[in-house]
Amino acid sequence: MMELAKELFPINRSITGQGVRDTLAIIRKHIPITFYCISSGMPAFDWVVPPEWNLYDAWLKDPLGNIVADAKLNNLHVVGYSEPMDCDVGWPELQEHLHSLPDKPTAIPYVTSYYDRNWGFCVSHRARQNFIEGTYRVCIKSTLEPGHLNYGEWIIPGQTDEEIFISTYICHPSMANDQVSGMVVATELAKWVGLAPRRYTYRFVFAPETIGSIIYLSRNLKNLKRNVVAAFNVCFVGDDGELSMIRSRHGETLADRVAEHVLGHLVGVFRDDEFIAARGSDERQYCSPGLDLPMVVISRSLGENYPQYHTSLDDLSIISEANLEGSYNAIRRMLEVLEMNRTYKCKFLCEPQMGKRGLYGPPTDRTMRTRMDILQCCDGKHDVIAMADKIGMPAWELAPFIEQLEVDLIEAT
Ligand code: ZN
């Protein structure tokens, strides 16, 4: 996964433009996503696809002719969606277009201006303090023209039309935890889903944040509302922070229950945030009133909770293979539990006679006890997650017992 992260990291992404297409092309080397192109000007609910932005070069020269910010060295140096510029700018005006963070003096901030025509440069505060007063030369070779917004989708048909939906966003330039990590883990999960026949249909979507998910929703509304039983927004999954969840707006959907169950067993005490307090990404659209998709956010250090957030310090050094793998394993567990999550009914009234089936043991036998516990939960009402919560075991450890009981004692309802 780190190899893929290294390949995706340098690309200068935005909500539109060649960077998004290059990103999707790299992901398509791993999984067969379908590319979609939506034209600038296309309306979606209260929004319109903006002009496509592409950046070819951007630099800022001080009065002595030194280049003090250069997008070739770090693509965070230029404000995303900066309009083309080629002119001299006086010192006071320059200040209005310079961005730095006094409390993080070595960090180049990540700034965008998608919907207000503007331009700007982002520099470390330390560098800015050494800027000399005078007239600066501004060169931004960019285009803001009618073009396309792109997203990628892979739908993997299962035995039922009911869907599990996994979304991640693909619009940030050169930041590792936010959001290369999400793309990498989602790609790996899609690979795993594609390896074997599944009960559920899976929908993987790689779209620019906000406008991309709004466009996606506007084009897939009916299917999403009809079919999605659980959804996950995968983001911020590469750093050292403990795995955590943000609940769906509803708060108690199947996605909430499975995430809570798996993280409870894998992590122990974990950050479990309410939607209204912690929402920040595409779940804002997917869970919004009238849509109400059962989407949970799975992440490690979320947004403002880690100091490198939205700066050049969010680089490849703060993510690791082990953390990406831990995130992948946890979400994969959630999918495995969803795949096995059914309700069962016991075929007999009272306890079945286990002895004649060779399934009886002394009351102290934990295996026997678990079998009998499961039987007491086979009432057609407890699904496997509820059963496992009641018994106090991870759902995946119940799987072999359920398989054994399914021979002639219980049946899925
Ligand atoms: Zn972000």
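Summarised in this report is the structure supplied together with it. None of these values were measured; they are calculated from a predicted model.

So, how was this worked out
- Residues numbered from 1 in each chain as written.
- Predicted model: local features only at pLDDT ≥ 70, side-chain atom pairs only at ≥ 80, totals over all residues.
- Heavy atoms only, no water.
- Helix = DSSP H or I, 4+ residues; strand = E, 2+ residues; numbered from the N terminus.
- Contact = heavy atoms within 4.5 Å.
- Pairing = 2+ DSSP bridges.
- Axes fitted to C-alpha atoms, helices over the stretch in contact; angles between N-to-C directions.
- Donors = N, O, S within 2.8 Å, 3.2 Å for Na, K, Ca; no water.
- Buried < 20%, exposed > 50% of the residue type's maximum accessible area, 1.4 Å probe, protein only.
- Left-handed = near helix turned anticlockwise from the far one by under 90°.
- Nonpolar A, V, L, I, M, F, W, Y, C, P; charged D, E, K, R; others polar.

1. Topic: the overall build of the protein
In terms of helices and strands, the protein carries 13 helices and 19 strands. Within the protein, counting contacts between residues at least 6 apart in sequence, those at least 24 apart form 80% of the total.

2. Side note on the pairing of strand β17 (residues 343-346)
Bridge count between β17 and strand β18 (residues 379-383): two bridges; the pairing is antiparallel. Pairing of threonine 343 across the sheet is with aspartate 383, part of β18. In this structure, β17 lies alongside strand β19 (residues 410-412), joined through three bridges in antiparallel fashion. Looking at the pairing, cysteine 346 lines up with isoleucine 410 of β19.

3. A few points about the sheet that holds strand β5 (residues 67-70)
Reading across from one edge, β5-β4-β9-β6 is the order of the four strands in this open sheet, with antiparallel pairing throughout. For this open sheet the edge positions go to β5 and β6 (85-89), each flanked by a neighbour on one side alone. Neighbour to neighbour, the strand axes of the sheet diverge by 15° on average, direction disregarded. Pairing geometry for strand β4 (residues 52-61) and strand β9 (residues 136-145), over nine bridges, is antiparallel.

4. So, the coordination of the zinc ion
Around the zinc ion, the donor atoms from the protein are His172 (NE2), Asp178 (OD) and His310 (NE2), and they sit 2.1 Å away. One chain supplies every donor for the zinc ion, spaced along it as H-x5-D-x131-H. Placement of histidine 172 in the loop between β11 (163-169) and α5 (176-193) and of histidine 310 in the loop between β16 (295-299) and α10 (321-340) is noted, with a sequence separation of 138 residues between them. Overall, the relative accessible area of 21% leaves histidine 310 in the partly exposed class.

5. Let's talk about the sheet that holds β11
Taken in spatial order, the eight strands make up an open sheet running β1-β10-β12-β11-β13-β16-β14-β15, and their pairing is mixed. Two strands lie at the open edges of the sheet, namely β1 (34-39) and β15 (272-273), each paired on one side alone. Summarising the sheet, strand β14 (residues 244-246) and β16 pair through three bridges and their orientation is antiparallel. Across the sheet, serine 244 pairs through a bridge with serine 299, a residue of β16. Sitting on the sheet, helix α7 (residues 254-266) is in contact with β13 (228-234), β14 and β16, with an inclination near 55° to β13.

6. A look at the packing of α10 against helix α13 (residues 395-405)
Here α10 crosses α13 at 35°, and the two axes come no closer than 10 Å. Considering how the two elements wind past one another, α10 and α13 form a crossing that is left-handed. Contacts between α10 and α13 pair Arg333, Val337 and Met340 from the former with Ala395, Trp396, Ala399 and Ile402 from the latter. A per-class count over the contact of α10 with α13 returns six nonpolar, no polar and one charged.

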